[in-house]
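What follows is the residue order along each chain.
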Amino acid sequence: MRGHAWYEKVLEGKVADMRLLARETGLTPRYVRNVFACAFLAPDIVEAILEGHQPLTLKVEHLFKNTPLSWAEQRQQFGFPQDPRQAKSSLQ
């Protein structure tokens, strides 16, 4: 996922900030900031989205606005079960 790759660049010191990352990728700073935020989503949320098992109410723009770092808070905010093992069965 792009967000993870960009995060690695930041950690490795290859990119200093979002503006430079945007310039390097040819994308807008806003887009880069939004995608970068997805690097911190709970793994079970990412898996559910990739498999098409996300809540019907979840829109991509929800992922970009005030996403908490706490995975439990993410699950609550986006409508996923608190127990990741239940995600597949309850969202299908």
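Below is a short write-up of the structure.

1. Some remarks on the environment of Leu-63
Part 1 of the reasoning: By secondary structure assignment, the location of Leu-63 is in the loop between helix 4 (43–50) and helix 5 (71–78).
Part 2 of the reasoning: Distance in space between the C-alpha atoms of Leu-63 and Glu-8 is 20 Å, their sequence separation being 55 residues.
Part 3 of the reasoning: When residues no more than four places from it in sequence are discounted, the contact partners of Leu-63 are Ala-37, Cys-38, Leu-41, Ile-49, Leu-58 and Phe-78.

2. With respect to helix 4
Part 1 of the reasoning: Turning to helix 4, its buried residues number three or more, namely Asp-44, Ile-45, Val-46 and Ala-48.
Part 2 of the reasoning: Tucked into the core, helix 4 has its buried residues touching helix 5.
Part 3 of the reasoning: Within two residues after helix 4, Gly-52 carries a phi angle of roughly 80 degrees, on the positive side.

3. Details of the environment of Arg-33
Part 1 of the reasoning: Position of Arg-33 relative to the elements: it lies in helix 3 (residues 29–37).
Part 2 of the reasoning: Separated by 49 residues in sequence, Arg-33 and Gln-82 have C-alpha atoms that sit 27 Å apart.

4. Here we look at the packing of helix 1 (residues 2–11) against helix 3
Part 1 of the reasoning: Across the interface, helix 1 lies against helix 3 with an axial gap of 7 Å and an inter-helix angle of 100 degrees. Taken as axis vectors, helix 1 and helix 3 run roughly perpendicular relative to one another. Two secondary-structure elements touch here, helix 1 through Arg-2, Gly-3, Trp-6, Tyr-7 and Val-10 and helix 3 through Tyr-31, Val-32, Val-35 and Phe-36.
Part 2 of the reasoning: Partitioning the contact of helix 1 with helix 3 into residue classes produces seven nonpolar, one polar and one charged.

5. Comments concerning the side chain of Gln-74
Part 1 of the reasoning: For Gln-74, the location among the structural elements is in helix 5.
Part 2 of the reasoning: A relative accessible area of 0% places Gln-74 in the buried class.
Part 3 of the reasoning: A polar atom in the side chain of Gln-74 sits 2.9 Å from the backbone oxygen of Phe-40.
Part 4 of the reasoning: Filtering out sequence-adjacent residues up to four positions away, Gln-74 remains in contact with Phe-40, Leu-41, Ala-42, Ile-45, Thr-67, Pro-68 and Leu-69.

6. Let's talk about the nonpolar core
Part 1 of the reasoning: One finds Cys-38, Leu-41, Ala-42, Ile-45, Val-46, Ala-48, Leu-58, Leu-63, Phe-78 and Phe-80 forming the largest nonpolar core, which totals 10 residues.
Part 2 of the reasoning: Per element, the largest residue contribution to this core is three residues, and it comes from helix 4.
Part 3 of the reasoning: Contact partners of Ile-45, with chain neighbours within four places excluded, come to Gln-74, Arg-75, Phe-78 and Phe-80.
Part 4 of the reasoning: Within the second largest apolar cluster, seven residues are counted, among which are Val-15, Leu-21, Ala-22 and Val-35.

7. Remarks on the packing of aromatic side chains
Each aromatic ring pair is described using two quantities: the centre-to-centre distance and the angle formed by the ring planes.
Part 1 of the reasoning: In total, this model carries three aromatic pairs according to the counting rule given.
Part 2 of the reasoning: Measuring from centroid to centroid gives 5.0 Å for Tyr-7 and Phe-40, while their planes differ by 80 degrees, and the two rings are edge-to-face. Of the two residues, Tyr-7 sits in helix 1 while Phe-40 sits in the loop between helix 3 and helix 4, which places them 33 residues apart along the sequence.
Part 3 of the reasoning: Owing to a relative accessible area of 27%, Phe-40 belongs among the partly exposed residues under this scheme.
Part 4 of the reasoning: These aromatic residues form a ring-pair network of at least three members: Tyr-7, Phe-36 and Phe-40.

Calculation criteria
- Residues numbered from 1 in each chain as written.
- Predicted model: local features only at pLDDT ≥ 70, side-chain atom pairs only at ≥ 80, totals over all residues.
- Heavy atoms only, no water.
- Helix = DSSP H or I, 4+ residues; strand = E, 2+ residues; numbered from the N terminus.
- Contact = heavy atoms within 4.5 Å.
- Buried < 20%, exposed > 50% of the residue type's maximum accessible area, 1.4 Å probe, protein only.
- Axes fitted to C-alpha atoms, helices over the stretch in contact; angles between N-to-C directions.
- Parallel < 35°, antiparallel > 145°, perpendicular 65-115°, else oblique.
- Nonpolar A, V, L, I, M, F, W, Y, C, P; charged D, E, K, R; others polar.
- Polar contact = N/O pair within 3.5 Å; in protein donor to acceptor, adjacent residues only side chain to side chain.
- Core = buried A, V, L, I, M, F, W, Y, C linked by side-chain atoms within 4.5 Å.
- Phe/Tyr/Trp six-rings, centres within 6.5 Å; stacked < 30°, edge-to-face > 60°.

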